[in-house]
Amino acid sequence: MTALIETELFQFLRAQVVQRSRAPAERVTPDAKLSDLGMQSIDAVLLCGEIEDRFEVEIDPSEIFEHETVGDFAQSVLGRLAA
Amino acid sequence: MALFHLGLSTSGHDPALALVSETGEILFAEATERFVQDKRAWGIVPDHFNHLASALKVAGFDPAGDRLRVATSWSRAKADLPVQLSDELLEAPDVTWVRELQADMHRMAGASLMRLGVVAEMPERRHFDHHLCHAVAACAFAPVEDAACLVIDGEGEVGAVSLFDLRGRSLKRRWRSWGPGSLGALYSALTQLCGFDWRLGEEWKVMGLAAFGTVRPDLRDALAAMVEVDNGRLRLADHATITKMTARLRKAARAPSAPIMEAADLAASGQAAYALLVDRILADCAGNGADSLILSGGCALNSSYNGTIAGRAGFERLHVPPAPADDGNAIGAALLSYMETAGTTRVPLGDGSPYLGTPVDGRGGRFLDAVRRTARVTDLGDDSAGRLAACLAEGKIVGVMRGRAEFGPRALGNRSILADPRPAGMKDRINAAVKGREPYRPFAPVICAEDLPDWFDAPQPAPYMSLTLRWRPERCAEVPAVVHEDGTGRLQSVTAGDMPWMHRLVRRFGEHTGVPVILNTSFNVMGKPIVHSVEDALAVFMTTGLDAVLIEDTLIEKNPSAT
């Protein structure tokens with residue numbers, strides 16, 4: 001179950017990052033640095049909102065800025081989902 | 001040694017403080033503007049130390065042994081988040097100004113406790129989500145176990161709408177808006193277009209003016225197009241749409257110096273756009289099985305719209321707290337601190353009393369000797385309601401200052417100017433003699449709750465003056481001074497249990513006149529907050545055409561024969 005959510009979350013994150021940053025999907029890997037993907041800070045905050053709605057978990061708006069990579073941020077969200 | 005919870009409204013505008021006991025009882029709540037007598041108290045800390053000292057005394061806090069826990073009404077400094085989260089419908093300098101004020105309030109909250117000697121160093125603070133504070137404060141005044149609780153305001157941490165479910169008195173957020181798109185900001189922009197100033201809190205003027213205008217579909221649709229509603233969430237329209245609609249609206253804008261009625265159609269259209277957008281939000285709020293809606297946030301001050309909600313969108317009953325705007329969040333923060341400490345998720349239900357502010361200063365009596373030189377001073381004793389009713393029936397305009405001040409923007413009988421609503425000219429007389437308000441703005445009626453069906457078409461209780469209702473057409477001629485242009489009244493309903501003195505006053509006035517309705521407007525002059533001290537009340541009495549003031553049970557009347 002957790003693996004399923006992890007996959008779903010990552011796929012969702014990748015689609016959102018691609019849509020907002022126009023970065024090629026293959027560049028949005030768990031190790032990719034969010035700052036390197038060309039995301040504007042407002043888009044990063046709004047991405048938190050999309051995750052909140054999709055996964056029904058409250059996300060702090062600054063959470064994404066506290067993590068360097070896509071994977072770190074995903075792990076942080078997974079932690080909230082498990083709490 | 002008791003623990004008190006100090007809630008601070010830290011928005012930078014409308015600061016307020018609240019004190020809650022260790023059992024979850026609201027002991028005190030008051031907006032800073034009352035104490036400092038500066039409307040909206042922009043940029044003044046909510047724990048202004050003289051105000052806080054006074055509040056702690058009223059609440060029975062003992063600095064020698066009691067402890068305080070400090071809580072704020074924002075989880076963070078909004079300035080730490082991207083500015084694009086705020087709304088481009090407002091002027092950029094105003095947005096930055098508000099963000100900086102909020103950051104300062106957030107940083108300094110509780111510092112005054114060092115000045116008061118309560119703590120030796122900066123106290124630990126608990127920071128709570130802005131919309132959650134709104135929701136908790138509202139639920140504390142809503143006597144229901146289950147409800148939908150909707151918060152609509154200018155902005156929260158990430159957006160300007162949150163929907164919560166209240167189940168068994170526990171709140172859980174169902175969703176919230178993220179990003180710009182705010183009905184509070186839209187109404188502020190409308191206020192500017194109408195030639196008024198939102199920074200002065202002049203949204204009231206737009207709402208009052210709307211009754212004189214005709215809705216123009218082009219203006220309504222242009223305003224409504226600036227904000228989209230998507231599954232209840234608000235989204236600001238794209239930049240091109242905002243630019244296009246703003247240009248269209250500017251053609252209908254009124255310059256501040258132009259005649260007010262030039263903005264009537266725009267005001268009516270704006271109010272219609274607001275109603276249309278909130279209707280869309282409400283359509284996405286039902287669904288948790290509850291038939292009660294608790295509405296809060298600054299937009300819950302839109303009493304015209306509030307009066308249309310009950311019976312629609314799946315909600316039979318509407319509850320709006322006495323202070324739905326940011327001042328009320330002081331209560332929310334203090335209660336959240338209490339709930340955290342007590343380890344409970346249940347929002348405590350208070351007794352519903354809005355009379356949570358500063359009592360009449362007992363030292364007021366020292367002024368009476370001086371006042372006697374120019375005024376007639378009479379102790380009305382136990383029958384002050386009956387004797388005041390007779391005064392009002394004679395046509396006197398009387399300022400009343402009794403008991404503890406109301407929390408929230410409305411005067412609900414303890415800091416009110418009261419008058420006879422029967423003469424058609426009473427509104428103009430009060431404006432000319434006392435208030436100095438624009439002649440088109442309505443005055444409110446106070447009426448016994450059990451009489452509501454005799455006077456209003458679709459009666460609902462309104463203990464905090466939160467909604468306007470349509471008068472029964474055949475009764476309008478009896479109370480012309482409290483009937484607005486569109487045939488509505490923003491009523492206060494009173495019961496013998498909740499507000500016995502005012503209930504008795506209305507009853508006795510009815511016995512004198514055959515009309516059990518009294519005109520009730522706030523005890524202030526235009527541009528100033530409601531009076532706080534006895535000195536404030538007497539200053540209004542001496543410098544305006546008020547016929548009398550009632551301080552507790554002492555009536556002070558102008559005495560034409562005095563030298």
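Residues numbered from 1 in each chain as written. Chains lettered and ligands numbered in written order. Predicted model: local features only at pLDDT ≥ 70, side-chain atom pairs only at ≥ 80, totals over all residues.

Go over the overall build of chain B with me, naming the residues and quoting the values.
Scanning chain B for helices and strands turns up 18 helices and 22 strands. Over its C-alpha trace chain B gives a radius of gyration of 23 Å, about what one expects of a compact globule, namely 24 Å for 563 residues. Dimensions of chain B along its principal axes, counting C-alpha atoms only, are 65 × 60 × 45 Å. Per-residue burial over chain B gives 54% buried out of 563 residues. Relative to all contacts within chain B whose residues are 6 or more apart in sequence, the contacts with residues 24 or more apart total 73%. (Helix = DSSP H or I, 4+ residues; strand = E, 2+ residues; numbered from the N terminus. Rg over C-alpha atoms; globule rule 2.2 N^0.38 Å. Buried ≥ 20, exposed ≤ 12 C-beta atoms within 10 Å, placed from the backbone. Contact = placed C-beta atoms within 7 Å.)

Break down the overall build of chain A for me, with residues and values.
Of the regular secondary structure elements, chain A holds 3 helices and 0 strands. Beginning at the N terminus, the succession of helices and strands in chain A can be written as α-α-α. Taking 12 Å as the expected radius of gyration for a compact globule of 83 residues, we find that chain A reaches 11 Å, a close match to that expectation. In terms of overall dimensions, chain A has a C-alpha envelope of 30 × 25 × 20 Å along the principal axes. Buried residues in chain A amount to 24% of all 83 residues. For chain A, restricting intrachain contacts to residue pairs at least 6 apart in sequence, the fraction spanning at least 24 positions comes to 48%.

Can you break down the interface of chain A and chain B residue by residue, with the values?
With 9 residues of chain A at the contact, the number on the chain B side is 11 residues. For the side of chain A that touches chain B, the class distribution of residues is 4 nonpolar, 3 polar and 2 charged. (Nonpolar A, V, L, I, M, F, W, Y, C, P; charged D, E, K, R; others polar.)

Pulling in residues and values, what's your account of the sheet that holds strand β3 (residues 26–31) of chain B?
Residues and elements named next belong to chain B. Pairing is mixed in the open sheet, where 5 strands are placed in the order β3-β2-β1-β4-β5. Bordering the open sheet on either side are β3 and β5 (125–127), each of which pairs with just one other strand. For this sheet, the mean inter-axis angle between neighbouring strands, taken without regard to orientation, is 20°. The pairing of strand β1 (residues 3–9) with strand β2 (residues 16–20) spans 5 bridges and is antiparallel. The partner of G7 across the bridge, within β2, is A18. Strands β1, β2, β3, β4 (67–72) and β5 of the sheet are contacted by helix α12 (residues 329–342), whose axis makes an angle of about 145° with β1. (Pairing = 2+ DSSP bridges. Axes fitted to C-alpha atoms, helices over the stretch in contact; angles between N-to-C directions.)

Explain the confidence of the model for chain B residue by residue, including any values.
Across chain B, the average pLDDT comes to 95, with 99% of residues at or above 70. Two numbers describe this predicted complex: its pTM, 0.96, and its ipTM, 0.89. (pLDDT = per-residue confidence, 0-100.)

Mind laying out the pairing of strand β22 (residues 554–558) of chain B, listing which residues take part and the relevant values?
Residues and elements named next belong to chain B. Bridging between strand β13 (residues 375–379) and β22 involves 5 bridges; their strand directions are antiparallel. The partner of A375 across the bridge, within β22, is K558. In terms of strand pairing, strand β21 (residues 548–551) meets β22 through 4 bridges, oriented antiparallel. Of the residues in β22, the one forming a bridge with V549 is I556. Connecting β21 to the antiparallel partner β22 that follows it, the hairpin turn spans 2 residues, and E552 within it adopts a positive phi of roughly 50°.

Tell me about helix α2 (residues 49–59) of chain B, and name the residues and values.
Residue and element names in this part refer to chain B. For α2, the complete set of buried residues consists of H51, L52, A55, L56 and A59. For α2, the arc enclosing every buried residue in end-on projection is 135°, short of the 170-degree limit, so these residues lie on one face. Against the buried residues of α2 lie β1, β2, β3, α1 (32–36) and α4 (112–115). Backbone geometry just downstream of α2 places G60 in the positive-phi region, at approximately 85°. (Arc of directions from axis to C-beta.)

Break down the sheet that holds strand β7 (residues 161–167) of chain B for me, citing the residues and quoting the values.
All names here are of chain B. With respect to topology, 5 strands assemble into an open sheet ordered β8-β7-β6-β11-β12, the strand pairing being mixed. Here the strands that pair on one side only, and so sit at the sheet edges, are β8 (170–176) and β12 (317–319). Across the sheet, the mean angle separating the axes of adjacent strands is 25° when strand polarity is ignored. The sheet contact formed by strand β6 (residues 147–152) and β7 spans 6 bridges and is antiparallel. By the bridge assignment for β7, C149 is matched with F164.

If you had to explain the pairing of β1 of chain B to someone new, which residues and values would you point to?
Residues and elements named next belong to chain B. Among the 7 residues in β1, 6 count as buried, and that is most of the element. Sheet topology note: the β1/β4 ladder contains 6 bridges and is parallel. Residue pairing for β4: L3 is matched across the bridge by R67. Linking β1 to β2, which pair antiparallel, is a turn of 6 residues; within it G12 sits at a positive phi near 95°.

Tell me what's going on with the packing of helix α14 (residues 384–393) of chain B against helix α17 (residues 500–513) of chain B, and back it up with residues and numbers.
All names here are of chain B. Taken N-terminus to C-terminus, the directions of α14 and α17 make an angle of 45°; their axes are 8 Å apart at the nearest point. Considering the angle they form, α14 stands oblique to α17. In the packing of α14 onto α17, the handedness of the crossing is right-handed. Across from A385, G386, L388, A389, A390, L392 and A393 in α14, the residues of α17 making contact are W501, R504, L505, R508, F509, H512 and T513. (Parallel < 35°, antiparallel > 145°, perpendicular 65-115°, else oblique. Left-handed = near helix turned anticlockwise from the far one by under 90°.)

With reference to specific residues and values, describe the environment of M245 of chain B.
Residue and element names in this part refer to chain B. By secondary structure assignment, the location of M245 is in helix α9 (residues 239–250). Classification of M245 by C-beta neighbours within 10 Å gives partly exposed; the count is 18. Put simply, M245 and R475 are 230 residues apart on the chain and 42 Å apart in space, counted from C-alpha to C-alpha. Excluding its chain neighbours within four sequence positions, the residues that come into contact with M245 are A222, A225 and M226.

Go over the UniProt feature "domain: Carbamoyltransferase" (unreviewed entry) in chain B with me, naming the residues and quoting the values.
Under the present numbering, the feature "domain: Carbamoyltransferase" (unreviewed entry) in UniProt falls on residues 123–335 of chain B. Taken end to end, residues 123–335 of chain B is 37% helix and 18% strand, and its two terminal C-alpha atoms sit 18 Å from one another. (UniProt positions renumbered as here; feature names shortened; annotations may be inferred.)

Could you give me a rundown of unusual backbone geometry, with the residues and numbers involved?
In this structure, R22 of chain A is a non-glycine residue whose phi angle is positive, near 60°. Its place among the elements puts R22 of chain A in the loop between α1 (2–21) and α2 (41–55). Notably, A313 of chain B is not glycine yet its phi reads approximately 55°, a positive angle. For A313 of chain B, a count of 17 C-beta atoms within 10 Å puts it in the partly exposed group.

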